[in-house]
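Below, each chain spelled out in residue letters.
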Amino acid sequence: MHDPLSQHFHGILQGLGEDPSREGLRDTPQRASKALRYLCHGYETSLEELVNGALFSSTSDEMVMVQNIELYSLCEHHLLPFIGQAHVAYIPTGKVLGLSKVARIVDMYARRLQIQENLTRQIAEAIQEVTRAAGVAVVIEARHMCMMMRGVEKQNSLMNTSVMLGAFRESASTRQEFLQLLRRQP
């Protein structure tokens, strides 16, 4: 066991009063290390690498919206999952972003230790940086295991966050159009 994360998980099991050498736990430190590295693989990618030039010329100056992008992240306070959906919109100014890149940007930031408020802003700022859009809007709604499994144990709580940049912040009608489209989702 040369992997430092595996060694730490071994110590955590011992700290819980478990025997890491028992059959069911023998390989757990390595599995847990591998799982955590996967769950946090967003640190390994840069925005530039991710986008990889997938910006395309377009005369469209109307809102582009991608809804219901599922996301999985880990709360940086408790290392427990939060799971939800991101809704992303932007107003192009000569370039549109490849559709899958919007979801990949959500994943890149979600696959880091996070709080939802920062995740929402990071996604919005990344879309803005890449597209140079006239405006960007991001709404995330998520359920947090740190509220559901421990602490207050509220099973039906749902956290919503939003970030509005550019035209979405400055224009009430643009913001309203985005919010109305969001409400129409099935």
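The notes below deal with the structure included here. Counting of residues starts from 1 at the beginning of each chain's written sequence and follows it residue by residue. Totals for whole chains, interfaces and linings use all residues, but because this is a predicted model, local features are given only for residues with pLDDT of at least 70 and pairs of side-chain atoms are given and counted only at 80 or more. As a rule here, side-chain values cover all heavy atoms of the structure and leave hydrogens and water aside.

1. Some thoughts on the pattern of salt bridges
Formally: The salt bridge definition used is simple: a Lys or Arg side-chain nitrogen within 4 Å of an Asp or Glu carboxyl oxygen. Only runs of H or I of at least four residues qualify as helices and only runs of E of at least two qualify as strands under DSSP, and these elements are numbered from the N terminus. Relative accessible area decides the class of each residue, using a 1.4 Å probe on protein chains only: under 20% of the type maximum gives buried, over 50% gives exposed, and in between gives partly exposed.
Taken as a whole, this structure holds 3 salt bridges when the rule is applied. Linking R37 and D3 is a salt bridge whose minimum nitrogen-to-oxygen distance equals 2.7 Å. Linking R37 in helix α2 (residues 28–39) with D3 in the segment before α1 (4–15), this pair joins segments that are 34 residues apart in sequence. Residue classification places R37 among the partly exposed residues on the basis of a relative accessible area of 43%. Here E18 and R22 are joined by a salt bridge, their closest N and O atoms 2.9 Å apart. We classify E18 as partly exposed; its relative accessible area is 34%.

2. Concerning the packing of α1 against α2
As a reminder of what qualifies: Only the stretch in contact is used when a helix axis is fitted, and all axes are lines through C-alpha atoms; the angle between N-to-C directions ranges over 0 to 180 degrees. Put simply, angles under 35 degrees are roughly parallel, angles over 145 are roughly antiparallel, angles from 65 to 115 are roughly perpendicular, and the rest are oblique. In this scheme the handedness of a crossing depends on how the near helix is turned from the far one: anticlockwise by less than a right angle means left-handed, clockwise means right-handed. Contact between two residues is taken to exist if any of their heavy atoms lie within 4.5 Å; hydrogens are not considered. Here the nonpolar group is Ala, Val, Leu, Ile, Met, Phe, Trp, Tyr, Cys and Pro; Asp, Glu, Lys and Arg are the charged ones; every other residue, Gly included, is treated as polar.
In contact at an axis separation of 8 Å, α1 and α2 are set at 120° when each is read in the N-to-C sense. Between α1 and α2, the interaxial angle falls into the category oblique. In this structure, the crossing between α1 and α2 has a hand that is right-handed. Contact residues: α1 offers L5, S6, F9, H10 and L13, while α2 offers T28, P29, Q30, A32, S33, L36 and R37. For the contact of α1 with α2, the class distribution of residues is 6 nonpolar, 5 polar and 1 charged.

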